[in-house]
Amino acid sequence: MATISHTPVLADAVIEYLRGSSPEARYIDCTLGSGGHAQAILRSFPGSQLLGIDADPQAISLAQSILPQDAILINANFAQLEIIASIHDFRPVDGILFDLGLSSVQLSETGKGFSFSHDAPLDMRFDPKQDVTASDIVNKYPENELARLLYQYGEEPSGRKIARHIVNHRPIRTTLELVNVIAQAVGQRRGRIHPATRSFQALRIAVNRELDNLSAGLRQSINLLRSGGRLLVISYHSLEDRIVKQFLSLESRGCICPPGIPTCVCGHTPTLKLLTKKAIQSSQEEINRNPRSRSARLRAAEKI
């Protein structure tokens, strides 16, 4: 197996929380990316099987060059997780990993417009077969809808002001054109983050329907895990982490009836046992090696 130069985030913690599975366990990497986590899993658990999924076809091509030929690699969205696993007779499984957000390769690519560090068309699609691009949203959405999107998905407090500037400067064709418009709206620098960070996050989430797909993937993962199987999720911003935290909390509880109901009528039973009371974060040493890991949060649970 070839060696990959990309270092996966929180790799040691991922392997630690996956331990306890049988030597020939089955794992699903729902966000294959550069293949770093998948490679670490296969090296740490000899004889194990891997199903890797990624919506970006370039990620699949890269992973094929570094992972063994018997690894099953599928270009699809993890919102179809159960269908994919069933088609490939890959169930039940011992571990499922979601490493959300962008890979280093996606950020360094100049053609998809994920980064505001260099100029590129306003695309932001993980899968080029998707219909909606960032350009469609920036240039066609009404001002109110654009402002709502920036606030909801980017938690951008200046969403209305940015939306107004975008509408007034249409058409906007490239990432640097959009960065300049945002900078005019809010100023060149604002605290530790680039002024375009939240807006680019919002557009990427909207284009790829990331939050809806995350909720769908999490629900399906429970059905695929065997008893004792483990679910691990690495998130990079508060919107993702909130969805993961609430999902794990709900599925680790019994009754979920509203407060005030004297007798349980929901019949809900817990499906997961929490393994992380608080999210696991990167060490300062890892952050120094890989600044992207600074915002990473790992949560883990075990199927009951």
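Residues numbered from 1 in each chain as written. Predicted model: local features only at pLDDT ≥ 70, side-chain atom pairs only at ≥ 80, totals over all residues. Heavy atoms only, no water.

1. Thoughts on the pairing of strand 7 (residues 297-303)
Of all seven residues making up strand 7, six are buried, and the element is well covered by its neighbours. Across six bridges, the pairing between strand 5 (residues 225-235) and strand 7 is antiparallel. Among the inter-strand pairings, Arg230 is bridged to a residue of strand 7, identified as Glu302. Note: strand 6 (residues 272-274) against strand 7, three bridges, orientation antiparallel. Paired with Lys273 across the two strands is Glu302, which belongs to strand 7. (Buried < 20%, exposed > 50% of the residue type's maximum accessible area, 1.4 Å probe, protein only. Helix = DSSP H or I, 4+ residues; strand = E, 2+ residues; numbered from the N terminus. Pairing = 2+ DSSP bridges.)

2. Description of the nonpolar core
In terms of nonpolar packing, the biggest core is built from 61 residues, with Ile28, Ile96, Phe98, Leu178, Leu218 and Leu231 touching the most fellow members. Setting aside residues no more than four positions away along its own chain, Leu218 makes contact with Phe98, Leu231, Val233, Ile243, Val244 and Phe247. Counting 29 residues, the second-largest nonpolar core is a separate cluster that includes Leu18, Leu50, Ala63 and Ala71. (Core = buried A, V, L, I, M, F, W, Y, C linked by side-chain atoms within 4.5 Å. Contact = heavy atoms within 4.5 Å.)

3. A look at the layout of surface pockets
In this model, the largest pocket occupies a volume close to 1200 Å³. What lines the largest pocket is a set of 28 residues, among which Ile193, Thr197, Gln201, Tyr236 and Ser295 lie closest to the centre. The set of elements that each furnish at least two residues to the lining of the largest pocket consists of helix 10 (197-208) and helix 12 (238-251). Ranked by residue count, the leading element in the lining of the largest pocket is helix 10, at five residues. For the lining of the largest pocket, a count of residues per class yields eight nonpolar, eleven polar and nine charged. (1 Å grid on protein atoms, 1.4 Å probe; cavity = no way out; pocket = protein on both sides within 12 Å on 5 of 7 lines; lining within 4 Å. Points joined across faces, edges and corners; volume = space filled by probe spheres on them. Nonpolar A, V, L, I, M, F, W, Y, C, P; charged D, E, K, R; others polar.)

4. Description of the pairing of strand 4 (residues 93-99)
Counting buried positions over the seven residues of strand 4 gives seven, a clear majority of the element. Pairing analysis gives six bridges linking strand 4 to strand 5, with the strands arranged parallel. Paired with Leu97 across the two strands is Leu232, which belongs to strand 5.

5. Points about the side chain of Arg204
Mapping Arg204 onto the fold places it in helix 10. Those residues in contact with Arg204 that lie beyond four places of it in its chain are Gly101, Leu102, Phe114, Met124, Phe126, Glu210, His237 and Glu240.

6. Details of helix 9 (residues 175-186)
Over its twelve residues, helix 9 extends 16 Å from the first C-alpha to the last, a length consistent with the 16 Å expected when each residue adds 1.5 Å. Of the residues making up helix 9, those classed as buried are Thr175, Leu178, Val179, Val181, Ile182, Ala183, Ala185 and Val186. Considering only its buried residues, helix 9 is in contact with helix 6 (134-140), helix 8 (159-168) and helix 10. Just downstream of helix 9 lies Gly187, where phi reads positive at about 100°. (Expected span 1.5 Å × (residues − 1).)

7. Some thoughts on the pattern of salt bridges
Using the criterion set out here, one finds 16 salt bridges in the structure. A salt bridge links Arg164 to Glu143, with the shortest nitrogen-to-oxygen separation between them at 3.8 Å. Here Arg164 is found in helix 8, whereas its partner Glu143 is found in helix 7 (residues 143-154), with 21 residues between them in sequence. Across the pair Arg289 and Glu285 runs a salt bridge, and its minimum N-O distance is 3.5 Å. Note that Arg289 and Glu285 are positioned in helix 13 (residues 284-289) at a spacing of four residues, about one turn of the helix. Each member of the pair, Arg289 together with Glu285, is exposed. Each of the salt bridges in this network shares a partner with another, and the network as a whole consists of Arg230, Lys273 and Glu302. (Salt bridge = Lys/Arg side-chain N within 4 Å of Asp/Glu carboxyl O.)

8. Quick look at the sheet that holds strand 3 (residues 72-75)
Judged by pairing direction, the sheet is mixed, and its seven strands sit side by side in the order 3-2-1-4-5-7-6 without closing on themselves. The open sheet has two edge strands, strand 3 and strand 6, and neither has a second partner. Strand-to-strand twist across the sheet, computed as the mean angle between neighbouring axes with direction ignored, equals 20°. Note: strand 1 (residues 26-29) against strand 4, three bridges, orientation parallel. Note on strand 4: the bridge partner recorded for Ile28 is Ile96. Those strands touched by helix 2 (residues 36-44) are strand 1, strand 2 (49-54), strand 4 and strand 5, and its axis lies near 170° from that of strand 1. Its contacts with the sheet put helix 3 (residues 57-64) on strand 2 and strand 3, and the angle it makes with strand 3 is roughly 160°. (Axes fitted to C-alpha atoms, helices over the stretch in contact; angles between N-to-C directions.)

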